[in-house]
Amino acid sequence: MLQRIALSLIFATGLAAAGPAGEAGRYVEADDYLHSVFVADVPAAQTLWLTGDLRENVESILGHRFSGLRVRYWADEATSAWILDEIGKELPITIGVAVANGAIADVEVLEFRESRGWEVRYPFFTDQFADARLGPDQTLDRRIDGITGATMSVDAVTRIARIALLLHEHVATTD
Amino acid sequence: MNTSQPPTNGHKRGRRWFRRGHRWIGLSLVVFVVYLSASGIVLNHAGDLRLESRYVSWVWLLDAYGLQVPDPAASFSDAGHRSTLLGERLFLDGRDTGQRESTLTGIAALGPLVLIGGEQHVYLFTADGEFIEAIDLGSSFAGPIERVGRTGDSAVLQSGGHLYRSDADVALFESWDDAIVDHWSARTPPDAGEMQALEVAWRGKGVTAERLVLDLHSGRLFGRAGPFFMDLIAVLLIVLSLSGLVMYKFRNRRK
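Residues numbered from 1 in each chain as written. Chains lettered and ligands numbered in written order. Predicted model: local features only at pLDDT ≥ 70, side-chain atom pairs only at ≥ 80, totals over all residues.

A. Quick peek at the overall build of chain B. The secondary structure content of chain B amounts to 5 helices and 15 strands. Rg of the C-alpha trace for chain B: 32 Å, well past the compact-globule value of 18 Å for 255 residues, more than 25% over. Over its C-alpha atoms, taken along the principal directions, chain B stretches across nearly 115 × 35 × 30 Å. Going through the 255 residues of chain B one by one, you find that 21% of them count as buried. At a minimum sequence separation of 6, the contacts of chain B that also span at least 24 residues come to 55%. (Helix = DSSP H or I, 4+ residues; strand = E, 2+ residues; numbered from the N terminus. Rg over C-alpha atoms; globule rule 2.2 N^0.38 Å. Buried ≥ 20, exposed ≤ 12 C-beta atoms within 10 Å, placed from the backbone. Contact = placed C-beta atoms within 7 Å.)

Now the structure itself:
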């Protein structure tokens, strides 16, 4: 009995030590992500200055000031890819979002720096965004289920997905 | 019938020591009782006193909080702009940019823009110091950025022995064979005035008065031993209360 308790304790300690903290990190390089979105050739990077109404809309979605005056994106005729940072709790999460014809084609967490909330990197969560579009009030046209213990990360990824849709729409209408 | 026995000499001596102990503990705790009561009252009214929005920036106090300014890891200047790396915080013209870097490789003043080179990122600012964009060049270059320079209004970066030149908007970097670079960024130490501005920027506003009073009250301001010392004071206060009760009981019994 004592042996069993000791083994359980060792197992639990091991999980606590190697679990959450071990999962944070850089999962995908930006270049690899872009090659997964644009299978043939990655188009040259373009930049979009965030000014006026566009900036106001972005900051309204974020709920705070956007750090930076310019964002970088890659686009061909139908698809655009955005690599953006958003704070989960204290540190930025780097998120790649691909938008095709006004709907999300792919969401991927490229880098996660905090010790909690890294579960947002898994497909069971990111797959929920597939085909999502911007609805009224710049919200997504569907409900994204949260993850217990990762609420702030879930919210950060959702905000970035909305912003990518907004920016795609802006680029598509101004081109 | 009175069953109580007259106290022996041993009992009398014991009571005398007990009274002395009680008295000395009481006297030695006077300062701490006043200290804890006063700081407790202030904390109770922290909201009314708006302590959370008042800042204290005494240098010795910030040093006690571990906010000592590190020596600059690297510092570069170009055309009146200076970039300095303190710890992992990147500063431009004496202001914290909010960007984190492990290595500073140079600065290039490009007319209305200022570019700061990190290990695999470059950071772009307006000439007024407003952050524009951080560009990750890790997957585009052969290795870490080694040097930062400029030619005309274009930034030039050296990585893995190769040169890369930016376009006019500093949006893209392309391999560049023409090795004529107008200016390479070189390390220069900040002067006394610049260092003073960096120290002020590093420390920021300081700590809130609420945090200071809270840490004084709990003893945390005095390092790791502080809370344990306050625990000891609390234990002595408990001992004082109990010894007071015991003495009160003895006195009543004698009556």
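B. Representation of the confidence of the model for chain A. In this model, chain A carries a mean pLDDT of 87, and residues with pLDDT of at least 70 account for 87%. The model gives residues 7–22 of chain A a pLDDT under 50, and that stretch makes 4 contacts with residues more than four places away or in other chains. (pLDDT = per-residue confidence, 0-100.)

C. Here's a closer look at the domain arrangement of chain B. According to the domain assignment, chain B consists of domain 1 (10–63 + 206–254) and domain 2 (72–202). Each of domain 1 of chain B and domain 2 of chain B was reduced to a C-alpha centroid, and the two centroids are 53 Å apart. (Domains from an automatic or database assignment.)

D. Representation of the interface of chain A and chain B. With 11 residues of chain A at the interface, the matching set in chain B holds 10 residues. Secondary-structure elements contributing two or more residues to the side of chain A that touches chain B are helix 3 (30–37), strand 2 (45–49) and strand 3 (70–75) of chain A. Of the residues that constitute the side of chain A that touches chain B, the class distribution is 4 nonpolar, 3 polar and 4 charged. (Nonpolar A, V, L, I, M, F, W, Y, C, P; charged D, E, K, R; others polar.)

E. Layout of unusual backbone geometry. One non-glycine residue, A:Q138, lies in positive phi territory at about 55 degrees. Summarising the element assignment, A:Q138 is placed in the loop between helix 5 (123–126) and helix 6 (151–174). Classification of A:Q138 by C-beta neighbours within 10 Å gives partly exposed; the count is 15. Within the chain, B:A79 stands out as a residue other than glycine whose phi angle is a positive 50 degrees. Position of B:A79 relative to the elements: it lies in the loop between strand 2 (72–78) and strand 3 (81–86).

F. Structural detail: the sheet that holds strand 5 (residues 92–100) of chain A. Residue and element names in this part refer to chain A. If you walk across this open sheet you meet the 6 strands as 1-6-5-4-3-2, and the pairing is antiparallel. One side of each edge strand has no neighbouring strand; the edge strands of this open sheet are strand 1 (25–26) and strand 2. Inspection of the sheet shows strand 4 (residues 79–87) paired to strand 5 by 9 bridges, in the antiparallel sense. Looking at strand 5, one finds that I83 is bridged to G96. (Pairing = 2+ DSSP bridges.)

G. Helix 3 of chain A, seen in detail. Turning to helix 3 of chain A, its buried residues number three or more, namely A:A30, A:Y33 and A:V37. Buried residues of helix 3 of chain A, viewed axially, fall in a sector of 60 degrees; they line one side. Those residues of helix 3 of chain A hidden inside the fold are in contact with strand 4, strand 5 and strand 6 (103–112) of chain A together with strand 9 (131–136) of chain B. (Arc of directions from axis to C-beta.)

H. Summary view of the pairing of strand 4 (residues 89–92) of chain B. All names here are of chain B. In the sheet, strand 3 pairs with strand 4 via 4 bridges, with the strands oriented antiparallel. Residue pairing in the sheet places T84 in a bridge with F91 of strand 4. Connecting strand 3 to the antiparallel partner strand 4 that follows it, the hairpin turn spans 2 residues, and G87 within it adopts a positive phi of roughly 60 degrees. Hairpin connection of strand 4 to strand 5 (residues 95–100): 2 residues between the antiparallel strands, including D93 at a positive phi of 50 degrees.

I. Just the nonpolar core, in detail. Ranked by size, the top nonpolar core spans 39 residues in total, and within it A:I95, A:V97, A:V157, A:I160, A:A161 and A:A164 carry the most contacts. With near-sequence residues (within four places) excluded, A:V157 lies in contact with A:I93, A:I95, A:V107, A:V109 and A:V120. Core analysis: the next-biggest nonpolar cluster, separate from the first, contains 29 residues, B:L85, B:L90, B:L104 and B:I145 among them. (Core = buried A, V, L, I, M, F, W, Y, C linked by C-beta atoms within 7 Å.)

J. Broad picture of the sheet that holds strand 4 of chain B. All names here are of chain B. The sheet built from 4 strands is open, its strands ordered 2-3-4-5 with antiparallel pairing. Each of the sheet's edge strands pairs with one partner strand only, and the pair in question is strand 2 and strand 5. Along the sheet, successive strands turn relative to each other by an average axial angle of 20 degrees, direction set aside. In this sheet, strand 5 lies alongside strand 4 in antiparallel orientation, the contact comprising 3 bridges. Bridging across to strand 5, F91 finds its partner in D96. Its contacts with the sheet put helix 3 (residues 192–203) on strand 3, strand 4 and strand 5, and the angle it makes with strand 3 is roughly 50 degrees. (Axes fitted to C-alpha atoms, helices over the stretch in contact; angles between N-to-C directions.)

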